[in-house]
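Chains, contacts and geometry: an overview
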Amino acid sequence: MSASTSLSAIAFRTTIPVMLGYVPLGIAFGVLFAELGYHWLYAGLMGVVVFAGTAQFLAVGLLANSAGLVEVFAATLLLNIRHMFYGLSLLTRFPKTGWRRWYMIFGLTDETYSLLTSSKVPHGEDPVQFKFLITLFNQMSWVLGCTIGGWLGSQINFSTAGIEFVLPALFLVLVIEQYRQLPKLSLFVAALALGFATLIFISRDQMLLISCSLAVALLLLAKGAQTWKIR
Amino acid sequence: MENSISYLLLFMLVMASATFITRALPFVLFHKKSDHPLVEYLGTYLPPVLMVLLLVYSFKNESFISLGFVPEVIGLVSTLIFHLRWRQPLISIVGGTAIYMVLVQIGFMA
């Protein structure tokens, strides 16, 4: 066995726990996606070009609502802002140049992130190649799940009325997970009030952009007020 | 539905770009590990606020005047219960959506 095949084997073994999560999750996405009426191969294609679990469930809801592209862009950006702060701790551990660097950044999902930060590079092996292979194997199991799900969804047919509820269900789960990390009830209630106030009093169509800008402004103001008080 | 494939392809392109931007931005903006207090502050407080706003956003086409939101409430409560019980996003999201779809399709309180 050559050095590179054994490195592949070790990297593959490292990704098995993620695979066990990605295949069923991908299947669930693929089934929902295919019920929207698109060819099942597009479910696999989305796994190739987007490669993001939560964003692809967001996609099902947005496609069901025929959302405008600006809204798709804004919603995806806001959903993924969680990722922006992940990248920070990996900055020094990623290669500085080369195409593998850009692929690894592209493939930096929650699960890839947790594997890259927790697994040890085998002694004497190329760390860049090892991390690259982990990212690649993760994406392969994700694409496999999406494609199987898409095909399954094309074989079974059910009425899709109400499928857009995947959006609130997804966001509620994310809110619960955020609350587990930061159990500050007042913050969540304030955000809820801000959201509904924007929706009711300002704008229904521009709700997302307006309420998020207000949220950033209010958070910075709160920080400013705090700093000022300490002085 | 003639232009739905071009809509889908554009949709995927937009979503892929937005995802890639958020993944790449920290690598482009901060060349070495950043511990600027403002970045840390926003990193702590912004994500939970944004998730709540997205949750509210997902109801932007609802009217809250009629009783039409009862299936939504039941759907949300089921999602919550599933998630507190099993903490498996897949079960919570698919389970909650399935219950909502059944309620809507049998015309429950519509």
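Here the structure is a predicted model, which means the values were calculated and not measured.

**Looking at the overall build of chain A**
When helices and strands are tallied, chain A shows 10 helices and 0 strands. Its helices and strands in sequence order give chain A the pattern α-α-α-α-α-α-α-α-α-α, from N to C terminus. Across its three principal directions, the C-alpha atoms of chain A cover 65 × 60 × 30 Å. Across the 231 residues in chain A, those meeting the buried criterion constitute 48%. Intrachain contacts of chain A at a sequence separation of at least 6 include 74% that bridge at least 24 residues.

**Section: helix α3 (residues 70-86) of chain B**
In an α-helix, one turn spans 3.6 residues; hence positions three or four apart end up facing the same way. Helix length check: α3 of chain B, at 17 residues, gives a terminal C-alpha distance of 24 Å against a target of 24 Å (1.5 Å per residue), a fit within 8%. All buried positions along α3 of chain B are accounted for by Val-70, Pro-71, Glu-72, Gly-75, Ser-78, Thr-79, Phe-82 and His-83 of chain B. Of the surrounding elements, those touching the buried residues of α3 of chain B are α8 (166-181) of chain A together with α4 (89-105) of chain B. Note on α3 of chain B: the residue one or two positions beyond its end, Arg-87 of chain B, has a positive phi of about 55°.

**Side note on a nonpolar patch on the surface**
All names here are of chain A. A surface patch of nonpolar side chains, about 650 Å² in accessible area, is lined by Ile-200, Phe-201, Ile-202, Leu-214, Leu-218 and Leu-221. Where the nonpolar patch is concerned, the elements lending two or more residues are α9 (185-202) and α10 (207-230). Secondary-structure assignment places Phe-201 in helix α9.

**Some details on the confidence of the model for chain B**
Residue and element names in this part refer to chain B. Overall, the predicted model of chain B reaches an average pLDDT of 86, with 86% of residues at or above 70. Per-element mean pLDDT across chain B ranges from 89 in helix α2 (residues 37-57) up to 95 in α3. Two numbers describe this predicted complex: its pTM, 0.88, and its ipTM, 0.91.

**Digging into unusual backbone geometry**
Residue and element names in this part refer to chain A. Although it is not a glycine, Phe-51 adopts a positive phi angle of roughly 50°. Looking at the secondary structure, you find Phe-51 in the loop between α2 (41-49) and α3 (53-64). Its identity is not glycine, yet Ser-66 carries a phi of approximately 45°, on the positive side. On the secondary structure map, Ser-66 appears in the loop between α3 and α4 (69-90).

**As for the pattern of salt bridges**
In this structure the tally under the stated criterion is 4 salt bridges over all chains. Across the pair Arg-87 of chain B and Glu-177 of chain A runs a salt bridge, and its minimum N-O distance is 2.9 Å. Of the two residues, Arg-87 of chain B is situated in the loop between α3 and α4 and Glu-177 of chain A in helix α8; the pairing between them involves two chains. Overlapping salt bridges bring together Glu-177 and Arg-180 of chain A together with Arg-87 of chain B as one network.

**A few points about the environment of Phe-11 of chain B**
Structurally, the position occupied by Phe-11 of chain B is in helix α1 (residues 4-29). Not counting residues up to four positions away in its chain, the partners in contact with Phe-11 of chain B are Met-46, Ala-59, Leu-62, Leu-63, Leu-69 and Val-72 of chain A.

**Some points on the interface of chain B and chain A**
Residue-level contacts link 67 residues of chain B with 93 residues of chain A. Here chain B packs against chain A, burying approximately 7,700 Å² in sum over the two surfaces, 81% of which is carbon and sulfur. Our count for the contact surface shared by chain B and chain A stands at 2 salt bridges. Between the two partners, chain B and chain A, sit 14 residue pairs in polar contact (both at pLDDT 80 or more). Elements with a contribution of two residues or more to the side of chain B that touches chain A: α1, α2, α3 and α4 of chain B. It is α1 of chain B that provides the largest number of residues to the side of chain B that touches chain A, a total of 21 residues.

**Side note on α2 of chain A**
Residues and elements named next belong to chain A. Those residues of α2 that sit buried are Ala-43, Gly-44, Met-46 and Gly-47. One side of α2 holds all its buried residues, which, seen down the axis, span an arc of 155°. At the exit of α2 stands Phe-51, carrying a positive phi of roughly 50°.

Conventions we followed
Residues numbered from 1 in each chain as written. Chains lettered and ligands numbered in written order. Predicted model: local features only at pLDDT ≥ 70, side-chain atom pairs only at ≥ 80, totals over all residues. Heavy atoms only, no water. Helix = DSSP H or I, 4+ residues; strand = E, 2+ residues; numbered from the N terminus. Buried < 20%, exposed > 50% of the residue type's maximum accessible area, 1.4 Å probe, protein only. Contact = heavy atoms within 4.5 Å. Expected span 1.5 Å × (residues − 1). Patch = residues over 30% accessible without salt bridge, like charges linked within 9 Å, V, L, I, M, F, W, Y side chains within 5 Å. Areas by Shrake-Rupley, 256 points an atom, 1.4 Å probe, with all protein chains shown as cover. Salt bridge = Lys/Arg side-chain N within 4 Å of Asp/Glu carboxyl O. pLDDT = per-residue confidence, 0-100. Buried area = accessible area lost by both parts, 1.4 Å probe. Polar contact = N/O pair within 3.5 Å; in protein donor to acceptor, adjacent residues only side chain to side chain. Arc of directions from axis to C-beta.

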